[in-house]
Amino acid sequence: MNPQSITYSADGLCATFGFAFPVLDGADLEVSLNGTVQTGGYTVLGGEGITPGGAVVFASAPAIGNAVTLRRTGKVQVSGSDAQGFLEAKIVAGANVSVTKTSDANGEHLSIAATADPALFLRKDQNLADLADKAAARSNLGLAAIAVSGSYTDLADKPSLGSAAALNVDTDGALAANSDSVIPSQKAVKTYAAAKSQNLADLPDKAAARSNLGLAAIAASGSYADLANKPSLGSAAALNVDTDGTLAANSDSVVSSQKAVKTYVDGKVGSTISSLSIDIRNLLRQALSSAIHNGLPAEGLFNGICDAFNADTIGANSSGQSYDPSGHFYRNAGSTLMPIVTPGTIVPIGGGQTIIDMDGTNMALARTVVAEIGIYLTSPMSGIVPKIARRISAGHFDIVATAGTVNHGGTGWEWFGLATPYTVPNDAYNYFPGCYLPSTFSSGVSTSTANPFDAYNPAGDITGNNQSLTEESGASATRTAAMAVRYQSTSMTLVTNTLLPAPAGAPSEVLAVMLWKDVSGSAALNTDLTIEATRDASNWSSGTLVDSGLTISGFKVLWADIDVSGQPSGTSVKLRIKALNNKGQQVKGIALLTK
């Protein structure tokens, strides 16, 4: 067995394995399982330094049959101060320093360095700052005096400069002396420069002349970049000016304090989006109200139009809309409230019964998607189960959809959504709404109507959820409350015709007033209903719809100011209204002005 390693065969129970050889620290012990070196999952106890022996403790016992090998891989002994980290290249045997080379039992080469005084060696992290005598060190390295002084006087073997080096310069700018005894070749210089009419044009090297005159680079370039000692102008010096007269950027990164300027101006004159006065909005509302109540067609206004939808006047590119000629409004298809019968004279009915359109001839559901079932009651009731039934034959029905058990507050119409909207199939059967009523109630329908609903109470079925419901004996004389359905709405986009006559110039704003009804009961302005305008019949800008708090004929009066100044110039003005997210909505009329 190698005296520096040991191998065990794991029994699946033991987690501690000992070794009898020294290691300098735990990182110098290699632990492997079946020849695979482990990087964790164990702890080394003892065995460090020169003391032999220790143990490896695994977090969990190795599996039975695994070969557990412990092997020393690092150094095991250093005498005196550990040499690691010192400037090893400078460590030599000498006074107070010993270097011993040897080999261990495995033939590994060891170098053991020892010193009794740390002050006798250099630390590499000091970068020679810990030299005891720097002057002696320079001398020992054979450095000349100029290595420290950097002075010409300490330079050895200086070149001979000749007698001219000691001559005084001639300070007479007229070169009146004109003698080579003052400056060599002075005569030639004066002779060459005597042609003053050249104004230095005949200088053979102007760049050299500028350099000889000691001129800075800016003397030739004239550039701000070559100017020395430039003033600090701050970050604003490099910013571009904002050429947008609307201050649309509204950012101090473009022009300092632009935000403050725009805030101040907006506060004084009103922002672009709200610049048209309340009086103008009131005039538009009055014009629209007059058109509706007097049955007027689309009427021209000064730079605008008023359209009460007394005819189908919406322009091309609209989609998903359905025009109601009797109510003179547009709705998104399928959003109409569909009462089966209207509430009227109270007719009592006993509890614990399911009611369905028995004869199958009244108000069959349309071949579309049913989202909600409505029930009309004037007394509270709990435990109601709204349904949709398929008529198999006279007096026989299957229940195909339910809204689950619900409670009614007894305040008239209440609506209950199906767990999943039901798509009425386009097959040979008819489909009708119905509901289970658990207790006696006294809400009914007008006796003057056809009263299409009859009661069912099959044996053993209290909710009417089973299949093949059969008419209860005598049920044809028992009538019940009114019911209705709401179909799932589609989205709608209304695009008006181009405003005629067109504005005299490209407008910057479009002010719109519209009449709107939320049939779904949950439509949100600017989310489920949006408004946009264009002045070039191509690009659209959105506006923010605001509820004025007024109503006309049951429709809310909404208004919006729409900024179109950022669009390409044009006079082809249109509005675009969108009813979104399958929320049932109606739009009865619009009026607009341009500015």
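Cut-off values and rules
Residues numbered from 1 in each chain as written. Predicted model: local features only at pLDDT ≥ 70, side-chain atom pairs only at ≥ 80, totals over all residues. Heavy atoms only, no water. Helix = DSSP H or I, 4+ residues; strand = E, 2+ residues; numbered from the N terminus. Buried < 20%, exposed > 50% of the residue type's maximum accessible area, 1.4 Å probe, protein only. Contact = heavy atoms within 4.5 Å. Areas by Shrake-Rupley, 256 points an atom, 1.4 Å probe, with all protein chains shown as cover. Core = buried A, V, L, I, M, F, W, Y, C linked by side-chain atoms within 4.5 Å. Pairing = 2+ DSSP bridges. Axes fitted to C-alpha atoms, helices over the stretch in contact; angles between N-to-C directions. Salt bridge = Lys/Arg side-chain N within 4 Å of Asp/Glu carboxyl O. Phe/Tyr/Trp six-rings, centres within 6.5 Å; stacked < 30°, edge-to-face > 60°. Lys NZ or Arg CZ within 6 Å of the ring centre and 35° of its normal. Expected span 1.5 Å × (residues − 1). Arc of directions from axis to C-beta. pLDDT = per-residue confidence, 0-100. Polar contact = N/O pair within 3.5 Å; in protein donor to acceptor, adjacent residues only side chain to side chain.

Caption draft 1: Representation of the overall build of the protein. The helix and strand tally for the protein stands at 7 helices and 32 strands. Burial status across the protein gives 34% buried among its 595 residues. Excluding contacts between residues fewer than 6 apart, the proportion of contacts in the protein whose partners are at least 24 apart in sequence is 70%. Summing over all exposed atoms, the protein offers an accessible surface of approximately 32,000 Å²; the carbon and sulfur share of this is 54%.

Caption draft 2: Summary view of the nonpolar core. Among the nonpolar cores identified, the biggest contains 27 residues, and Met 514, Ile 531, Leu 575, Ile 577 and Val 587 are the most heavily contacted of them. In terms of residue count, the dominant contributor to this core is strand E26 (residues 509-518) (4 residues). The residues touching Ile 531, leaving out its near neighbours within four places in the chain, are Ala 512, Met 514, Ser 541, Ser 542, Gly 543, Leu 545, Ala 560, Ile 562, Leu 575, Arg 576 and Ile 577. By size, the runner-up hydrophobic cluster in this structure holds 21 residues, among which are Phe 416, Tyr 431, Met 483 and Val 485.

Caption draft 3: Expanded view of the sheet that holds strand E4 (residues 36-37). Read from one edge of the open sheet, 4 strands run E1-E7-E3-E4, paired in antiparallel fashion. Either end of the sheet is taken by a strand with one partner, and the two such strands are strand E1 (5-9) and E4. Summarising the sheet, E1 and strand E7 (residues 67-72) pair through 5 bridges and their orientation is antiparallel. Note that in E7 the partner of Ser 5 across the bridge is Arg 71.

Caption draft 4: Expanded view of the sheet that holds strand E28 (residues 541-543). Read across the sheet, 4 strands follow the order E25-E31-E27-E28 without closing on themselves; strand pairing throughout is antiparallel. Only two strands of the sheet have a single neighbouring strand rather than two, namely strand E25 (492-495) and E28. Shown here is a sheet whose adjacent strand axes are inclined to one another by a mean of 25°, direction ignored. Two strands pair when backbone bridges link them, and strand E27 (residues 529-534) and E28 are joined in this way by 3 bridges, in the antiparallel orientation. Note on E28: the bridge partner recorded for Ile 531 is Gly 543.

Caption draft 5: A look at the pattern of salt bridges. For the coordinates displayed, the defined rule picks out 6 salt bridges. Of the charged contacts, one joins Lys 583 and Asp 528 as a salt bridge, the two residues approaching to 3.3 Å between their closest N and O atoms. Note that Lys 583 is positioned in the loop between strand E31 (574-579) and strand E32 (585-594) and Asp 528 in the loop between E26 and E27, a separation of 55 residues in sequence. Judged by relative accessible area, Lys 583 falls into the partly exposed class, the value being 21%. According to the relative accessible area criterion, Asp 528 is buried, its value standing at 4%.

Caption draft 6: Focus on unusual backbone geometry. Cis geometry marks the peptide bond from Leu 500 to Pro 501; its omega dihedral reads -5°. Note that Pro 501 resides in the loop between E25 and E26. At Asn 127, a position not held by glycine, the phi torsion is positive, near 50°. Position of Asn 127 relative to the elements: it lies in the loop between strand E9 (109-115) and helix H1 (134-141). Of note in the backbone geometry, Ser 553 takes a positive phi value of approximately 55° without being a glycine. Within the secondary structure, Ser 553 sits in the loop between strand E29 (546-552) and strand E30 (555-563). Classification of Ser 553 by relative accessible area gives partly exposed; the value is 43%.

Caption draft 7: Up close: the pairing of E26. Among the 10 residues that make up E26, 8 are buried, leaving the element largely enclosed by the rest of the structure. The pairing of E26 with E32 spans 9 bridges and is antiparallel. Along E32, the bridge assignment pairs Met 514 with Ile 590.

Caption draft 8: Expanded view of the packing of aromatic side chains. Summed over all chains, the structure comprises 8 aromatic pairs. For the ring pair Phe 329 and Phe 555, a centre distance of 6.1 Å and an interplane angle of 45° mean the geometry is tilted. Of this pair, Phe 329 sits in strand E13 (residues 329-332) while Phe 555 sits in strand E30; the two residues are 226 residues apart in sequence, bridging distant segments of the chain. Residue classification places Phe 555 among the buried residues on the basis of a relative accessible area of 4%. The ring of Phe 555 has Lys 517 lying over it, and the distance from NZ or CZ to the ring centre is 4.6 Å.

Caption draft 9: Just the environment of Lys 556, in detail. Relative to the assigned elements, Lys 556 resides in strand E30. Setting aside chain neighbours within four positions, we find Lys 556 in contact with Met 514, Leu 515, Trp 516, Asp 547, Leu 550 and Thr 551.

Caption draft 10: Representation of helix H7 (residues 278-293) in the model. Here H7 contains 16 residues, and its C-alpha end-to-end distance of 22 Å stays within 8% of the 22 Å for a straight helix at 1.5 Å per residue. Turning to H7, its buried residues are Arg 281, Leu 284, Leu 288, Ser 289, Ala 291 and Ile 292. Down the axis, H7 shows its buried residues gathered within 160° of arc, on one side only. The exposed residues of H7 that point more than 90 degrees off its buried face are Asp 279, Leu 283 and His 293. Among the structural elements, strand E10 (299-301), strand E11 (304-307), E26, E29, E30 and E32 are those in contact with the buried residues of H7. Looking one or two places after H7, you find Gly 295, whose phi comes out positive at around 65°.

Caption draft 11: Structural view of the side chain of Thr 530. Tracing the backbone through its elements, the reader meets Thr 530 in strand E27. A relative accessible area of 18% means that Thr 530 is categorised as buried. Contact partners of Thr 530, with chain neighbours within four places excluded, come to Leu 545, Arg 576, Ile 577, Lys 578 and Leu 580.

Caption draft 12: Representation of the confidence of the model for the protein within the structure. Taken over all residues, the pLDDT of the protein has a mean of 74, while the share at 70 or more is 66%. Taken as a whole, residues 339-348 scores under 50 in pLDDT and shows 43 contacts with residues more than four places along the chain or in a different chain. With pLDDT under 50 throughout, residues 443-452 is counted as low confidence; its partners more than four residues away or in other chains account for 41 contacts.

Caption draft 13: Looking closely at H1. Between a side-chain oxygen at the N-terminus of H1 and the backbone nitrogen of Ala 135 the separation is 3.3 Å; the capping residue is Asp 133. Backbone geometry just after H1 places Gly 142 at a positive phi near 75°.

Caption draft 14: How the structure looks around the environment of Asn 282. Considering the arrangement of structural elements, one finds Asn 282 in helix H7. Judged by relative accessible area, Asn 282 falls into the partly exposed class, the value being 31%. On a C-alpha basis, the gap between Asn 282 and Val 513 in space is 9.3 Å, while along the polypeptide they are 231 residues apart.

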